[in-house]
Amino acid sequence: MELFINQVLAGIATGAIYACMALAVVMIYQAIDHLNFAQGEMAMFSTFIAWQLMQWGVPYWWAFLLTLAFSFAGGIAIERMLFKPLAKAPVLTNVAGFIALFAIVNSVAGLTWDFTIKQFPTPFGSSPFLGSQLISTHQAGMIGVTVGLLILLYLFFQFTRIGLAMRAAASLPESARLVGINTSWMIALGWGMASAIGAIAGILIAPVVFLEPNMMGGVLIYGFAAAVLGGLTSPLGAVIGGFLVGVFENLAGTYIPGVGNELKLPIALALIITVLVLKPAGLFGRPIVKRV
Amino acid sequence: MTAMLNIKDLRAYYGQVQALHGLSFSLNEGSLTTLLGANGAGKTTTLRAICNMVRSTGAIEFEGKPLSGKSTENVVRLGIAHVPQGRGTFTTMTVEENLQLGAITRNDKKGVVADIERMYEHFPVLKERHTQQAGTLSGGEQQMLAVARALMLRPRLMLLDEPSFGLAPLIVRELFKILGKINREDKVTILVVEQNAQLALELADKAYVIETGRIVMSGSAAEIANNEDVRKSYLGY
Amino acid sequence: MSSVDEVANEAPAVEAVPKRAMTLGYGTSLVVLALLIIGPMFVKNFIVFQMTMLLIYALAVLALNILTGGSGQFSLGQSAFYAVGAYTSAILMEHMGVNYALTLPIAGIICFGFGFLFGQPALRLSGIYLALATFALAVAMPQLLKLGFFEHWTGGVQGLVVTKPDAPFGLPISQDRWLYYFTLVVSIGIYIASVNLLKSRSGRAFMAIRDNEIAASAMGVDVALYKTLAFGVSAGITGVAGGLGAIAVQFVAPDGYTITLAISLFLGMVVGGVGWLPGSIVGSAFIIFVPNIAEHISKGLSGAVFGVLLFLVIFLVPHGARQVAIVAQQLIGKLKK
């Protein structure tokens, strides 16, 4: 029983990271109807920025905040320069753009900081949380930061004017323009926020998976799985999906014989395909109808 | 009276296809004008061209300022509210949020709160449902909401694209009564595009008839309503 | 009003390419063919090997082109089919002693089946969803190949060594040259078959689906059948390419078939021009030689070079090599006058 609780809690902790990645993916999907295949690489790059700042002696939380600001600005810059011109291009061209971004960010990170594995600090420590063996303080910190972030985002979207405008622009761009919303900048803002959310995920998971240019590959696949499970049109669904996937991954690894570390990605694959085939809108998403 | 909106030689294109072939007309301040025409005549395109939602050439002047080259949202910010065909309701948001969105460009918080109350007076049904998702409203209620949302801008000019579409006759009558009231009391200039010519002509003081992208007739609503051709083609008697 | 009100007015998945624009004229084809036949006679073995790989990747890009340019479906997972083909050939040759030439049709058939099966769930997905599912397939594939369960056959993480075949009938040419000409014959065969496929009834059905799926089904095209068929054909050709690749490289291992390979193939298609079959060889040259040059300058640089070039292609020549070819043709036409 203790093993079970332990695995569920550990699953919630990693699930928090998946939830962040899924949320970042959904924010961009809501804004431009495309999946950002480079979301993980952008998060990885942000994490390297944080690491570099700390190497230069910047205290952890300052580095954290500076990285968020950098990621936010970087996300906006990428959208303005690379993806805004592609807004009306075929889907294929956009997919190619994301792949190109993926390759560039990965390669530049490798060239700048090389491909060796680096330790990443945690401000929470890794001792048992509140004296209990069930969960470490870092894991508790991951959950805490994520929940805090989610509450802030909820308040932002529900109670601020710009949050309302962003929701409107995402759900019906044409109507949004007709009430005077600059939808193009709302998209850029979405990119900035997604990039910053990804940065938080990267910084939180880095002490667990270690810092290197390929650290987010698996995390992103799980983020996609979470987003698809929750429904790509539902930010709340993406978050719930993240936690569900985290717990599912841990329980499957523990209780299904033969599913060790090596099968984790195939499980995510199976999950993505199963959900897409059985319920393409996800658990909380809205079905979308196409007309000729 | 001065012309508030002046349109000269407006041509609009969808890709290679030309939809408007040199349209010219003007709206007087405070007037209620209707643009009549059959399906595909170019009524909707005219409204979309005013808001720069379709590629067009020609001159569009609003209160003496040219609109060409301005993005849709900047045209709206000048005080031109557009109620699109199909109403453009934000279906996943509440009624109240829809109204707030209408006023999203305004900075006077108190004024917005007061205007929302005023809309609830105009349209009591919206007050009853203000926390409901707008997508759960009936077609008529959504049309009321769309008009209310447009009014939240405190527009100088309001463009309506077939407000009667898909509504029961009684509801259309009620809606048009409210439009007339808004025009008189709030001094909002209104341009309404309609297929329901009879009602539109009862409501309007001026009318234009448009056929295949050209204005073919203009005059006071009464003149147009009495015109033989119009009666045959659009009024059916 | 229900949620059915929300209608996705998406951009098209793939820009429509007219059928005539998909192939090369006879004259140009013959020139290219002559170059491919005569070229290897005068160069070193290593270059012959690279030319072999050029043909092999060109086949894989061609396969993706049939899927995407032909039927409008995406795949970021071609590396998975390539891997299955490679492993099929390797296992048949090393464990069962099957002749290398015979392993190729088997690899093709197995991959056709695999692709056809994967096409079943993929049927319900379109655009980016399909890209996502295939992306996940490509990421998961190396881990599946490493599974202890299959280790007896696949050699696990270590992989398998494949013996390079000698030229038959005592022909006095090196193994590399023989393999090159063997690959060339296979490639030409597949290219001709592909051109004919796209010109056939099935090809028209593919393109109808690409341009408008709902309208195609309304015209009586069996959308489900043709979409899965396109997947199967594409996977089958990729499998043959994978088998040839295994023989040429003389080695198969899980980490040779990562998402990077899938991305390279995708890249090759975009660079070569989506829907333009001869562009496959241009795209293939791009994905073989660009990393070589980039890695020569600095380790790890190839990703950045790839990415930047890809953006340049997207922004400057969105139709890839096809566009360059058309412009060149027009220039030549002007000069003639």
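Definitions and limits used
Residues numbered from 1 in each chain as written. Chains lettered and ligands numbered in written order. Predicted model: local features only at pLDDT ≥ 70, side-chain atom pairs only at ≥ 80, totals over all residues. Heavy atoms only, no water. Helix = DSSP H or I, 4+ residues; strand = E, 2+ residues; numbered from the N terminus. Rg over C-alpha atoms; globule rule 2.2 N^0.38 Å. Buried < 20%, exposed > 50% of the residue type's maximum accessible area, 1.4 Å probe, protein only. Contact = heavy atoms within 4.5 Å. Areas by Shrake-Rupley, 256 points an atom, 1.4 Å probe, with all protein chains shown as cover. Lys, Arg positive; Asp, Glu negative; His and termini not counted. Charge placed at Lys NZ, Arg CZ, Asp CG, Glu CD. Buried area = accessible area lost by both parts, 1.4 Å probe. Salt bridge = Lys/Arg side-chain N within 4 Å of Asp/Glu carboxyl O. Polar contact = N/O pair within 3.5 Å; in protein donor to acceptor, adjacent residues only side chain to side chain. Phe/Tyr/Trp six-rings, centres within 6.5 Å; stacked < 30°, edge-to-face > 60°. Lys NZ or Arg CZ within 6 Å of the ring centre and 35° of its normal. Pairing = 2+ DSSP bridges. Axes fitted to C-alpha atoms, helices over the stretch in contact; angles between N-to-C directions. Parallel < 35°, antiparallel > 145°, perpendicular 65-115°, else oblique. Nonpolar A, V, L, I, M, F, W, Y, C, P; charged D, E, K, R; others polar. Expected span 1.5 Å × (residues − 1). Patch = residues over 30% accessible without salt bridge, like charges linked within 9 Å, V, L, I, M, F, W, Y side chains within 5 Å. Left-handed = near helix turned anticlockwise from the far one by under 90°.

A. Representation of the overall build of chain A. Looking only at helices and strands, chain A has eleven helices and zero strands in total. Listed by position from the N terminus, the elements making up chain A come as α-α-α-α-α-α-α-α-α-α-α. Its C-alpha atoms give chain A a radius of gyration of 19 Å, near enough to 19 Å, the size a compact globule of 292 residues would have. Principal axes of the C-alpha set define a box for chain A whose edges measure 55 × 50 × 35 Å. Of all 292 residues assigned to chain A, the portion counted as buried reaches 59%. The contacts in chain A between residues at least 6 apart in sequence include a share of 75% that link residues at least 24 apart. With the model as given, the accessible surface of chain A reaches about 11300 Å², and the carbon-plus-sulfur share is 71%. Charge centroids of chain A, computed over 12 positive and 9 negative side chains, lie 18 Å from each other.

B. Quick look at the interface of chain B and chain A. Opposite the 23 residues of chain B that make contact, chain A presents 19 residues. Ranking the residues of chain B by area buried against chain A places Glu73, Phe90 and Ile104 of chain B at the top, with a combined share of 33%. As a salt-bridge pair, Arg48 of chain B and Glu174 of chain A come within 3.1 Å of each other at their nearest N and O atoms. At the boundary of chain B with chain A, the tally comes to six residue pairs in polar contact (both at pLDDT 80 or more).

C. A look at the packing of aromatic side chains. Considering all chains together, one arrives at 28 aromatic pairs over all chains under this definition. Ring geometry for Tyr60 of chain A versus Trp61 of chain A: centroids 5.1 Å apart, planes at 80°, classification edge-to-face. By relative accessible area, Tyr60 of chain A is classed as buried at 13%. Residue Trp61 of chain A is classed as partly exposed on the basis of its relative accessible area of 43%. The interplanar angle of 20° and the centroid separation of 6.0 Å between the aromatic rings of Phe112 of chain C and Phe116 of chain C together place this pair among those described as stacked. Linking Phe112 of chain C with Phe116 of chain C, this pair stays in helix 4 (residues 100-122), spanning four residues, or about one helical turn. Taking the relative accessible area as the measure of exposure, Phe112 of chain C reaches 31% and is therefore partly exposed. Judged by relative accessible area, Phe116 of chain C falls into the partly exposed class, the value being 24%. When the ring centre of Trp185 of chain A is taken as origin, the NZ or CZ atom of Arg80 of chain A, which lies over that ring, is 4.3 Å away.

D. Representation of unusual backbone geometry in the model. Residues and elements named next belong to chain B. One non-glycine residue with positive phi stands out, namely Arg87, at about 75°. Here Arg87 is to be found in the loop between strand 6 (80-83) and helix 3 (95-102). By relative accessible area, Arg87 is classed as buried at 8%.

E. Focus on the side chain of Gln73 of chain C. Residue and element names in this part refer to chain C. Within the element layout of this structure, Gln73 appears in the loop between helix 2 (45-71) and helix 3 (78-96). On the basis of relative accessibility, which here comes to 4%, the residue Gln73 falls in the buried class. Within the structure, the side chain of Gln73 is placed 3.2 Å from the side chain of Ser71, a separation counted as a polar contact. Excluding its chain neighbours within four sequence positions, the residues that come into contact with Gln73 are Leu67, Thr68, Leu130, Lys227, Ala230 and Phe231.

F. Representation of the sheet that holds strand 2 (residues 17-28) of chain B in the model. Residue and element names in this part refer to chain B. Within the open sheet, the four strands sit side by side as 2-1-4-5. Their pairing is antiparallel. Of all the strands in the sheet, just strand 2 and strand 5 (65-66) have a single pairing partner and so form its edges. Taken together, the nine bridges between strand 1 (residues 3-14) and strand 2 define a ladder with antiparallel strand orientation. Note that in strand 2 the partner of Ile7 across the bridge is Phe25. With respect to the sheet, helix 1 (residues 43-50) is in contact with strand 1, strand 2 and strand 4 (55-62), its orientation differing from that of strand 1 by roughly 110°.

G. Representation of the packing of helix 6 (residues 161-171) of chain A against helix 3 of chain B within the structure. Two elements in contact, helix 6 of chain A and helix 3 of chain B, have axes whose closest approach is 10 Å; the angle formed by their N-to-C orientations is 100°. By the angle between their axes, helix 6 of chain A is roughly perpendicular relative to helix 3 of chain B. Counting all contacts with helix 6 of chain A, which are made through Leu164, Ala165, Arg167 and Ala168 of chain A, the residues of helix 3 of chain B involved are Glu97, Gln100 and Leu101 of chain B. Tallied by class, the residues present in the contact of helix 6 of chain A with helix 3 of chain B amount to four nonpolar, one polar and two charged.

H. Spotlight on the environment of Glu295 of chain C. Residue and element names in this part refer to chain C. Here Glu295 is to be found in helix 12 (residues 279-297). Judged by its relative accessible area of 35%, Glu295 is partly exposed. Taking C-alpha positions, Glu295 is 9.6 Å from Val305, a pair spaced ten residues apart along the chain. If we skip the residues at most four places from it in the chain, Glu295 touches Gly300, Leu301 and Ser302.

I. View of helix 5 (residues 137-159) of chain A. Residue and element names in this part refer to chain A. Between its terminal C-alpha atoms helix 5 stretches 32 Å, which fits the 33 Å expected from 23 residues at 1.5 Å a residue. Listing the buried residues of helix 5 in full gives Thr137, His138, Ala140, Gly141, Met142, Ile143, Thr146, Leu149, Leu150, Leu153 and Phe157. Of the surrounding elements, those touching the buried residues of helix 5 are helix 1 (2-32), helix 6, helix 8 (183-209) and helix 10 (235-255).

J. Seen up close, a nonpolar patch on the surface. All names here are of chain A. A contiguous nonpolar surface patch, about 630 Å² in accessible area, is contributed by Val147, Ile151, Leu152, Tyr154, Leu155 and Phe159. Here Val147 lies in helix 5. Taking relative accessible area as the criterion, Val147 reaches 37% and is therefore assigned partly exposed.

K. Geometry of the sheet that holds strand 10 (residues 214-220) of chain B. Residue and element names in this part refer to chain B. Here we have six strands laid out as an open sheet, ordered 6-7-8-3-9-10, and mixed in their pairing. Whereas interior strands pair on both sides, the edge strands pair on one side only; in this sheet they are strand 6 and strand 10. Each strand axis lies, on average, 15° off the axis of its neighbour in the sheet, ignoring direction. Of the strand pairs in this sheet, strand 9 (residues 206-211) and strand 10 are connected by six bridges, and their pairing is antiparallel. Residue Glu211 lies in a different strand from strand 10, and its bridge partner there is Arg214. The strands that helix 6 (residues 139-151) touches are strand 6 and strand 7 (157-161); relative to strand 6, the one it contacts most, it runs at about 170°.

L. Spotlight on the side chain of Glu212 of chain A. Residue and element names in this part refer to chain A. You can see Glu212 is positioned in the loop between helix 8 and helix 9 (217-230). Lys118 provides the closest opposite charge to the buried, unpaired Glu212, separated from it by 9.0 Å. For Glu212, the residues in contact, after removing those within four places along its chain, are Met44, Phe48, Phe115, Thr116 and Ile117.

M. Spotlight on the pattern of salt bridges. Residues and elements named next belong to chain B. Enumeration according to the criterion identifies 16 salt bridges over all chains in this entry. Note that Glu202 and Arg173 form a salt bridge whose closest N and O atoms lie 3.6 Å from each other. Here Arg173 lies in helix 7 (residues 169-185) and Glu202 lies in helix 8 (residues 197-203), a separation of 29 residues in the sequence. A relative accessible area of 51% places Glu202 in the exposed class. A single network of salt bridges, built from pairs that share partners, joins Arg106, Asp108, Asp115, Arg118, Arg154 and Asp186.

N. Looking closely at the packing of helix 9 of chain A against helix 11 (residues 264-278) of chain A. Residues and elements named next belong to chain A. Helix 11 packs onto helix 9 with a crossing angle of 25° between their chain directions and a minimal axis gap of 9 Å. On the basis of their axis angle, the class for helix 9 and helix 11 is roughly parallel. Classified by chirality, the crossing of helix 11 by helix 9 is left-handed. Taken together, the residues of helix 11 that come into contact with helix 9 (itself represented by Gly218, Ile221, Tyr222, Phe224, Ala225, Val228 and Leu229) are Lys264, Leu265, Ile267, Ala268, Leu271, Ile272, Val275 and Leu276.

O. Spotlight on the environment of Ile60 of chain B. All names here are of chain B. If you trace the backbone, Ile60 turns up in strand 4. Through-space distance from the C-alpha of Ile60 to that of Glu228 is 31 Å; in sequence the pair is 168 residues apart. Among residues more than four places away in sequence, those in contact with Ile60 are Leu5, Asn6, Ile7, Leu10, Ala49, Ile50, Lys65, Pro66, Leu67 and Ser68.

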